[in-house]
Amino acid sequence: MTAQTALEKIYQNENLNTQEMTALATALFSGELTDAQIAALMIGLKIKGASVDELTALASVMQQKAIPMFKAPAGVMDNCGTGGDHSNSFNISTTSAFVLAGAGIPMAKHGNRSISSKAGSADVLEALGVTLNVSPAGIDYLLAQAHIAFLFAPALHPAMKYVMKIRRELATPTIFNLIGPLINPYPLDNQLLGTSAGASLKETAAALGQLGRKRAIVIHGAYGMDEANLSGATHCALYENQQVQTFDLDPQEYGFTPCNLKEIQGGDAERNKEILLSVLNNEPSPYLETVVLNAGLGLYAGGVVPDFAAGFTKAREIIANGLAQEALTKLLRYQKEVA
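Conventions adopted
- Residues numbered from 1 in each chain as written.
- Predicted model: local features only at pLDDT ≥ 70, side-chain atom pairs only at ≥ 80, totals over all residues.
- Heavy atoms only, no water.
- Helix = DSSP H or I, 4+ residues; strand = E, 2+ residues; numbered from the N terminus.
- Contact = heavy atoms within 4.5 Å.
- Areas by Shrake-Rupley, 256 points an atom, 1.4 Å probe, with all protein chains shown as cover.
- Lys, Arg positive; Asp, Glu negative; His and termini not counted.
- Charge placed at Lys NZ, Arg CZ, Asp CG, Glu CD.
- Disulfide = S-S within 2.5 Å.
- Salt bridge = Lys/Arg side-chain N within 4 Å of Asp/Glu carboxyl O.
- Buried < 20%, exposed > 50% of the residue type's maximum accessible area, 1.4 Å probe, protein only.

J.: I would appreciate a short explanation of the overall build of the protein in the present structure.
T.: Each helix and strand in the protein was counted, giving 15 helices and seven strands. Considered along the principal axes of its C-alpha atoms, the protein spans approximately 55 × 45 × 40 Å. Long-range contacts, defined here as pairs at least 24 residues apart, represent 74% of the contacts in the protein between residues at least 6 apart. Entry remark: accessible area of the protein is about 13,400 Å², with carbon and sulfur atoms responsible for 49%. Positive and negative charge centroids in the protein, built from 24 and 31 side chains respectively, lie 5 Å apart.

In structure tokens:
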């Protein structure tokens, strides 16, 4: 099947099978597609909706073309989200990653600069003094010593050069927002994945299972956020034991006080840095409560706690005891040794 034939199939609202999507993705990341064809692929899949096989095949090809990592630590995890929800929230998953690292989970935090918001994970971490471009050996060392390392997507996925310009020009969430959290170069054991594409919740969870996750939770927050928030129920899909279970989680049932989305809005990288540090310093705010909610879900996804209630309790303890702040301190200290 030629690339054009595959695209025509997508235009007809038909799903590509694994072999077809693998061939199309291989052509894309080998520089064989024109910019117009790549844009057509992004928009066609956005309108049709990506299937499990399409997501898995595209992610698998991208992982094959990524810079190879070394030995993955046991229990390695990521909590990268899709972005693209236009909520202008602060960096929730990045802040939560330090809480999860404070629990001893090796957090391979995969991310990028902002595509559709004022400050992506890379932007706020850079403002904190975190080095973005670290070698695979250095990333291994940081995971062992600090329990957290940042995996800068453009440095580890050089083949993304074929799509970055087009993603920015389209300025709309596409399959590459969905794929970003699926292509961590490490073979992750567990994952918490926030998605702005609520219609793909179950498919994304199934794709994570096909990619080798033992336990994964995909979440779609109230008002379309790619994070859990306190303004309403979070839609969840749990992958475990080769099954996907969907359910809604209402924060109020766990004692959280509702808040408006405006109360968790962020700003540029410097403003989001201030918010992140306030949370790690355990300063009471809707920002802190939102991180407790998301980190608690992550602790369950990582197998640290037996249920969500225990996760929220442990997340509070980790922040209050300074362990989340310590994870940031260790990351900044040990990256100097890596350098």
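Read on for the rest.
J.: Please clarify how the state of the cysteines should be interpreted in this entry.
T.: In this structure the tally under the stated criterion is zero disulfides. In this model Cys-80 remains outside any disulfide bridge; the closest cysteine sulfur is found in Cys-236, 17 Å from its own. Cys-236 supplies the cysteine sulfur nearest to Cys-259, a cysteine that is in no disulfide, at a spacing of 17 Å.

J.: In this structure, what is going on with the pattern of salt bridges? I would like to understand it.
T.: Where charged atoms from two side chains of opposite charge come close, those side chains can pair. Under the defined criterion, the tally for this structure stands at eight salt bridges. For the salt bridge of Glu-240 with Arg-215, the shortest nitrogen-to-oxygen distance reads 2.8 Å. A residue pair is termed long-range when its members are at least 10 positions apart, and Glu-240 in strand 6 (residues 234–240) and Arg-215 in strand 5 (residues 215–220) qualify at 25 residues. The shortest N-O distance in the salt bridge between Glu-326 and Lys-330 comes to 3.3 Å. Remark: Lys-330 and Glu-326 occur in helix 15 (residues 323–338); sequence separation between them is four residues, near one turn of the helix. Residue class for Glu-326 comes out partly exposed when judged on its relative accessible area of 37%. Take Lys-330: its relative accessible area is 22%, and that puts it in the partly exposed class.

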